[in-house]
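# Structural characterization, general
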Amino acid sequence: SWTIIVDYTYDPAVTWAPVAGLYTDPGATVPYVSGDTATTVYAQPDTTTVYTATLALGACSNATAVTVNVTPLPDADSIYGPTGVCRGSSVTLSDTVAGGTWYASNANATVSGTGVVNGITPGLVTVFYVVTNSCGNDTAFKYMSVDLAPVAGVIVGPSALCQGTTISLTNSSPGGTWSSSNANASVGSTGIVTGVSPGTSVITYNVTNGCGTAIDTHPITINPAPDADTILGPTTLCEGSSTYLYDAAPGGVWVSATGRISVTTTGFATGVSGGTDTVYYIVTNSCGTDSAAI
């Protein structure tokens, strides 16, 4: 008499330890074993195989067949999908292997039985997919971030500047980009605004991340630089005679340098005494002073 002992674990291997005999496998040639020496017969993964041990005693022989059911080790494959989720929103992960269970490593996110990840608290989280069978379990994992929606902060700085000058705007939210609504003003990457031409413009600070875009705006006024233009009129004037001087720039003030010429607020000039004099037309606004002379 003899006994066949089957011990299979996923090597995949089947070990038989009979008293003696010849082993045959429908799919492979198994060496002859004499005496009490045991051999190992390898089964194909995912294949149910019948192995036969034959004991020969002189002219007599006996055979016993054993069916070995081979179960592969579990394989969780890989998790597919985004590496981040926004707080308050959800994304869906997937795995090609069916029947697994989803887990989240902490409370920063939750994950449903179908792989839907919900962002709860900003930070990092690891999502696991565990596949289990009679041979054990295997786990796939994916590192993810839970992100906040962007915050644009508040633009701080002056709301007006002069043509040809600059002002500095700031915003406490990092990583944003600056832009101007039109060509009346330009703005650099650090928030330095230059007045290009008189008018108005809207300066925008834009913050973008994987959860969207946020903006803050800051209207500004670009005031014109003073321009006294050019005085038109005669360059000589007789003592006691009068003439009109003209300048197209509005709001200016007429001034005589020496008093030899008297000039009114409307540009009416009268020669007072002989000699040389210079008449100025001076224009002043919030951006400074400019003058023309004749």
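Scope of this entry: the structure provided in the associated data block. (Residues numbered from 1 in each chain as written. Predicted model: local features only at pLDDT ≥ 70, side-chain atom pairs only at ≥ 80, totals over all residues. Heavy atoms only, no water.)

### A few points about the sheet that holds strand 30 (residues 279-285)
Across the sheet, three strands lie side by side as 27-30-31; this open sheet has antiparallel pairing. On the outer flanks of this sheet lie strand 27 (253-256) and strand 31 (288-293), each paired with one strand and no other. Ignoring strand direction, the axes of neighbouring strands in this sheet form an average angle of 30°. Here four bridges tie strand 27 to strand 30, and the two strands are oriented antiparallel to one another. (Pairing = 2+ DSSP bridges. Helix = DSSP H or I, 4+ residues; strand = E, 2+ residues; numbered from the N terminus. Axes fitted to C-alpha atoms, helices over the stretch in contact; angles between N-to-C directions.)

### Examining the nonpolar core
Formed by 16 residues in total, the largest nonpolar core has its most connected members in Ile-79, Val-85, Leu-93, Trp-102, Val-117, Val-127 and Met-144. Residue assignment for this core shows that the elements contributing at least two residues are strand 13 (109-111), strand 15 (123-133) and strand 16 (136-147). Excluding anything up to four places from it in sequence, Val-85 contacts Ser-90, Val-91, Val-117, Gly-119, Met-144, Ser-145, Val-146 and Asp-147. Residues Val-187, Tyr-205, Val-207 and Ile-222 belong to the second largest nonpolar core, which totals 15 residues. (Core = buried A, V, L, I, M, F, W, Y, C linked by side-chain atoms within 4.5 Å. Buried < 20%, exposed > 50% of the residue type's maximum accessible area, 1.4 Å probe, protein only. Contact = heavy atoms within 4.5 Å.)

### Some details on the pairing of strand 16
The two faces of the sheet receive side chains in turn, since in a regular strand these alternate between them. Looking at chain direction, strand 9 (residues 84-86) and strand 16 are connected through three bridges and run parallel. Across the sheet, Gly-84 pairs through a bridge with Ser-145, a residue of strand 16. The pairing of strand 15 with strand 16 spans eleven bridges and is antiparallel. What sits directly across from Thr-126, in strand 16, is Tyr-143. Hairpin connection between strand 15 and strand 16: a loop of two residues separates the two successive antiparallel strands.

### Observations concerning unusual backbone geometry
Backbone geometry at Asp-77 places phi at a positive 55°, although glycine is not the residue there. Positionally, Asp-77 belongs in the loop between strand 7 (60-68) and strand 8 (79-80). Positioned with a positive phi, Asp-229 is a non-glycine residue whose angle comes to about 55°.

### Let's talk about the sheet that holds strand 23 (residues 212-223)
Read from one edge to the other, the open sheet built from four strands follows the order 17-23-22-19, with strand pairing classed as mixed. Both edges of this open sheet fall to strand 17 (160-162) and strand 19 (177-180), since each of them pairs with a single strand only. With strand direction ignored, the average angle separating the axes of adjacent strands in the sheet is 30°. As paired strands, strand 17 and strand 23 are joined by three bridges and run parallel to one another. From the neighbouring strand, Cys-162 faces strand 23, where its bridge partner is Asn-223.

### Digging into the environment of Val-154
Take Val-154: it is sitting in the loop between strand 16 and strand 17. When its relative accessible area of 55% is taken as the criterion, Val-154 is described as exposed. For the pair formed by Val-154 and Asp-216, sequence separation is 62 residues and the distance between their alpha carbons is 6.2 Å.

### With respect to the packing of aromatic side chains
The full count for this structure, using the stated rule, is five aromatic pairs. Ring plane angle 50° and centroid distance 4.6 Å describe the contact between Trp-102 and Tyr-129, whose orientation is recorded as tilted. Taken together, the residues Trp-102 in strand 12 (residues 101-104) and Tyr-129 in strand 15 connect sequence positions 27 residues apart. Pair check on accessibility: Trp-102 and Tyr-129 agree, each one buried. Considering the side-chain rings of Trp-254 and Tyr-281, the 4.6 Å spacing of their centres and the 50° angle between planes classify their relative orientation as tilted. Linking Trp-254 in strand 27 with Tyr-281 in strand 30, this pair joins segments that are 27 residues apart in sequence. Here Tyr-281 falls in the buried class, since its relative accessible area comes to 5%. (Phe/Tyr/Trp six-rings, centres within 6.5 Å; stacked < 30°, edge-to-face > 60°.)

### Quick look at the state of the cysteines
Summed over all chains, the structure comprises two disulfides. Here Cys-86 is linked by a disulfide to Cys-211, with a sulfur-sulfur distance of 2.0 Å. Residues Cys-86 and Cys-211 are joined by a disulfide whose S-S torsion is about -110°; by sign, that bridge is left-handed. Here the residue Cys-86 occupies a position in strand 9, and Cys-211 occupies one in the loop between strand 22 (199-209) and strand 23, the gap between them amounting to 125 residues. As far as the burial class goes, Cys-86 and Cys-211 line up, both buried. Residue Cys-162 pairs covalently with Cys-287 via a disulfide, S to S 2.0 Å. Because the torsion about its S-S bond is -95°, the bridge between Cys-162 and Cys-287 counts as left-handed. Remark: Cys-287 occurs in the loop between strand 30 and strand 31 and Cys-162 occurs in strand 17; sequence separation between them is 125 residues. Here Cys-162 falls in the buried class, since its relative accessible area comes to 16%. (Disulfide = S-S within 2.5 Å.)

Read these as spatial facts, not as claims about activity.
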